[in-house]
Amino acid sequence: MGYKAEFLSQAEVCAIYQCLDGHIHFKYRTLDIAMDTCDFQQVAEVFIKALHVLQKAEKPTTEEIDLENMDAHVKV
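Residues numbered from 1 in each chain as written. Predicted model: local features only at pLDDT ≥ 70, side-chain atom pairs only at ≥ 80, totals over all residues. Heavy atoms only, no water.

## Notes on the packing of aromatic side chains
The tally for this structure, following the rule as stated, stands at two aromatic pairs. Seen from their ring centres, Phe26 and Phe47 are 5.8 Å apart, and the 50 degrees between their planes marks the pair as tilted. Placement of the pair is Phe26 in strand 3 (residues 24-28) and Phe47 in helix 1 (residues 37-58), with a sequence separation of 21 residues. (Phe/Tyr/Trp six-rings, centres within 6.5 Å; stacked < 30°, edge-to-face > 60°. Helix = DSSP H or I, 4+ residues; strand = E, 2+ residues; numbered from the N terminus.)

## Focus on the pairing of strand 4 (residues 31-35)
As paired strands, strand 3 and strand 4 are joined by five bridges and run antiparallel to one another. For Phe26, the partnering residue across the bridge sits in strand 4 and is Ile33. (Pairing = 2+ DSSP bridges.)

## Regarding the pairing of strand 3
Direction of pairing for strand 2 (residues 14-19) relative to strand 3: antiparallel, over a ladder of five bridges. By the bridge assignment, Cys14 is partnered in strand 3 with Tyr28. Joining the antiparallel neighbours strand 2 and strand 3 is a turn of four residues, in which Gly22 adopts a positive phi near 95 degrees. Counting the residues in the hairpin turn of strand 3 and strand 4 gives two residues, including Arg29, whose phi is positive at 50 degrees.

## Side note on the environment of Ala15
Considering the arrangement of structural elements, one finds Ala15 in strand 2. Taking the C-alpha atoms as reference points, Ala15 and His25, separated by ten residues in sequence, lie 8.0 Å from one another.

In structure tokens form, the structure reads like this:
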């Protein structure tokens, strides 16, 4: 593995960089995974799909209720 040549993206706990050997590295805390461009593209697509699924799950669902036609019984 060569010297960390170029950071492509980084945050508090993870980073993506390209070494002088041309590998793209995904570093998460103490884990450092080196891959070629094709593998990185597949990994990135999986992360993107997972993010979309999580975002859909977090969006609140809104239901419209027709109060006028609701069958409600009044108790006295």
